[in-house]
Amino acid sequence: TPLQVARKLTWFFKSLGVHSVFDTSFSRDLALLETGREFVERYRKAITKGVLKPPNMNGSAPPSEATAAASGDMEVDTPKPRKRIIRRGAAATNDEPAVAVETESAMPMLASACPGWICYAEKTHGYMLPYISETKSPQQIMGSMVKNHFGSQLGLNPDQIYHVCVMPCYDKKLEASRSDFYSDLYKTRDVDCVITSTEVEKMFGEQGQTDMSAFGELDLDLGYNSVIKDPNTGADQVLVGASGNASGGFLEYVMQYAAREIFGIDGVDVDKAVGVEVKTVRNSDFREVTLEMPGSGEVLLKFAAAYGFRNIQNLVRKVKTGKSPYHFVEVMACPSGCINGGGQLKPPGDNFVAVPLKDWIAQVDGQYRNGALARKPEENPVLEQLYREWLGGVDTPKAREQLRTGYHAVEQNLVNPLAVKW
């Protein structure tokens, strides 16, 4: 089960001298919750600014940011989201889109957890950056927690901790090396090193430990883990995580959170198609999820998941020309998402002859879901404590500093190599 693997990995890493082993699904809870909040912020701002037309809720529109604040449902004295204005719309001269876009109200909001997608957008589609969620990925939120919160509890500065993440993707190494996640004060990164699943397997062999079933088991360290007592069976430990797919469940959670917070609709479950319509479009790596008003059938929210660069390019084209019908899109560079990441383990032989890729992905997905309980991030009791004790509350300047980030268009310096004087 995933819990057994987590315990065996804890044993293995501690046998190498690692002091603490945490579970990144814990920081994923924080990333999901913050992404949900950011989406609601943007949606209400988009309604206020006229970017979106409010749906007809039996003759009344959903509360805008102004009316929600006036009714006491929202704090008034909160820091304003950063404004980043870029243009979009029908391409003008120099391929410059024509309509000004502000980050705080840009729709659709695009998920930011995939570094391959972020790198692609920064290098080739700078006008897409205002649409991308500013919430850090689970990897980088864990980096903030380990270097700042956990370190302060131990009386250590960030440069006195060496933090390693195990990830399914080689691009996560690039993400960790971004200047945004480097402390000039302490001359250290939030994540010092990233190793992939395949690299961990190689480490097993280097240590003469080729049979994982023979590994010992140790409990994950207290604090940043997702291990609880099973409320159903009373078992000592069970692994919990968010519902949704193996790419983090951002679409599933944000839809569920927004339906409740904006429209007061409870019980939405994208995984089971409860309360929403789930439709595969064009291919299995592009699907749409629609929330409709009960009774009237009016569309309230329309989300999508776009995996693989072919689908991403179609999405970018629609956003650029102002023709995207979506409010939120979960974007992943790899076909099938993170479960098919470049750093993931491959079947024996690595040629997908004995086990076809489609079957392998289904098999791995089954293992991912095996024995883990689904829990809403807001049901994680430690998150409330973190917001209170570490961040000073929700939507504080420190919360934005530690949980959110920004993006930078990369200037293209195209030089004719024949014109260079060597």
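Residues numbered from 1 in each chain as written. Predicted model: local features only at pLDDT ≥ 70, side-chain atom pairs only at ≥ 80, totals over all residues. Heavy atoms only, no water.

1. Here we look at the overall build of the protein chain
At step 1: Regarding its fold elements, the protein chain presents twelve helices and 14 strands.
At step 2: Sorting the 422 residues of the protein chain into buried and exposed places 49% on the buried side.
At step 3: Of all intrachain contacts in the protein chain linking residues separated by at least 6 positions in sequence, the fraction that spans at least 24 positions is 69%. (Helix = DSSP H or I, 4+ residues; strand = E, 2+ residues; numbered from the N terminus. Buried < 20%, exposed > 50% of the residue type's maximum accessible area, 1.4 Å probe, protein only. Contact = heavy atoms within 4.5 Å.)

2. Focus on the sheet that holds strand 8 (residues 227-228)
At step 1: Strand order across the open sheet formed by three strands is 8-9-14, with mixed pairing between neighbours. The sheet is open, and its two borders are formed by strand 8 and strand 14 (372-374), each paired with just one other strand.
At step 2: As paired elements, strand 8 and strand 9 (residues 238-241) share two bridges and run antiparallel to each other. Within strand 9, the residue paired with Val-227 across the bridge is Leu-239. (Pairing = 2+ DSSP bridges.)

3. With respect to the state of the cysteines
At step 1: Across all of its chains, the model carries zero disulfides by this definition.
At step 2: For Cys-193, which is in no disulfide, the shortest distance to another cysteine sulfur is to Cys-165 and amounts to 9.2 Å. (Disulfide = S-S within 2.5 Å.)

4. Digging into the packing of helix 2 (residues 24-48) against helix 11 (residues 381-389)
At step 1: One can describe the packing of helix 2 onto helix 11 by two numbers: an axis separation of 10 Å at closest approach and a directional angle of 70°. Our classification of the angle between helix 2 and helix 11 gives roughly perpendicular. As for the relative orientation of helix 2 and helix 11, their crossing is right-handed in sense. Facing helix 2, whose interface residues are Phe-26, Asp-29, Leu-30, Leu-33, Glu-34 and Arg-37, helix 11 presents Val-382, Leu-383, Leu-386 and Tyr-387.
At step 2: The residue inventory of the contact of helix 2 with helix 11, partitioned by class, reads seven nonpolar, no polar and three charged. (Axes fitted to C-alpha atoms, helices over the stretch in contact; angles between N-to-C directions. Parallel < 35°, antiparallel > 145°, perpendicular 65-115°, else oblique. Left-handed = near helix turned anticlockwise from the far one by under 90°. Nonpolar A, V, L, I, M, F, W, Y, C, P; charged D, E, K, R; others polar.)

5. Regarding the nonpolar core
At step 1: By size, the foremost hydrophobic cluster in this structure holds 82 residues, and its most contacted members are Phe-39, Trp-117 and Leu-291.
At step 2: One finds Phe-12, Ile-195, Val-200 and Phe-204 within the second-largest nonpolar core, a separate group that totals seven residues. (Core = buried A, V, L, I, M, F, W, Y, C linked by side-chain atoms within 4.5 Å.)

6. Re the environment of Val-289
At step 1: Here Val-289 lies in strand 11 (residues 286-292).
At step 2: When the C-alpha positions of Val-289 and Lys-279 are compared, they lie 6.4 Å apart, and in sequence the two are ten residues distant.
At step 3: For Val-289, the contacting residues outside a window of four places in its chain are Leu-251, Met-255, Val-270, Val-276, Glu-277, Val-278, Leu-301, Lys-302 and Phe-303.

7. With respect to the pairing of strand 12 (residues 299-307)
At step 1: Extensive coverage of strand 12 is indicated by the burial of seven of its nine residues.
At step 2: Where strand 11 folds back onto strand 12 in an antiparallel hairpin, the turn is made up of six residues, including Gly-295, whose phi is positive at roughly 100°.
At step 3: Strand direction decides the pairing type here: strand 12 and strand 13 (residues 328-332), joined by five bridges, are parallel. Among the inter-strand pairings, Ala-305 is bridged to a residue of strand 13, identified as Glu-330.
At step 4: Following the chain from strand 12 across helix 9 (residues 309-320) to the adjacent parallel strand 13, one finds a crossover that is right-handed. (Right-handed = clockwise from strand over helix to strand, strands pointing away.)

8. Observations regarding the environment of Arg-287
At step 1: Residue placement: Arg-287 occurs in strand 11.
At step 2: Here the alpha-carbon distance between Arg-287 and Ala-304, two residues 17 residues apart in the chain, equals 5.6 Å.
At step 3: Within polar-contact distance, the side chain of Arg-287 engages the side chain of Glu-252 at 3.0 Å. (Polar contact = N/O pair within 3.5 Å; in protein donor to acceptor, adjacent residues only side chain to side chain.)

9. Here we look at the side chain of Asp-29
At step 1: Looking at the secondary structure, you find Asp-29 in helix 2.
At step 2: When residues no more than four places from it in sequence are discounted, the contact partners of Asp-29 are Ala-242, Arg-375, Pro-377, Asn-380 and Leu-383.

10. A word on unusual backbone geometry
At step 1: A cis geometry characterises the amide bond from Met-107 onward to Pro-108, with omega recorded as 5°.
At step 2: By the secondary structure assignment, Pro-108 is in the loop between strand 2 (99-102) and strand 3 (109-110).
At step 3: At Ala-273, a position not held by glycine, the phi torsion is positive, near 55°.
At step 4: Mapped onto the secondary structure, Ala-273 falls in the loop between helix 8 (250-263) and strand 10 (277-280).
At step 5: Positive phi outside glycine occurs at Ser-336, with the angle close to 75°.
At step 6: Mapped onto the elements, Ser-336 comes out in the loop between strand 13 and helix 10 (357-369).
At step 7: A relative accessible area of 28% means that Ser-336 is categorised as partly exposed.

11. Notes on helix 9
For an α-helix, the turn length of 3.6 residues means that residues three or four places apart are oriented alike.
At step 1: The end-to-end C-alpha distance of helix 9 is 16 Å, a good match for the 16 Å that twelve residues give at a rise of 1.5 Å each.
At step 2: All buried positions along helix 9 are accounted for by Asn-311, Ile-312, Leu-315, Val-316, Val-319 and Lys-320. Down the axis of helix 9, the sector holding all buried residues measures 165°, keeping them to one side.
At step 3: Downstream of helix 9 by a residue or two, Gly-322 has a phi angle that is positive, lying close to 75°. (Expected span 1.5 Å × (residues − 1). Arc of directions from axis to C-beta.)

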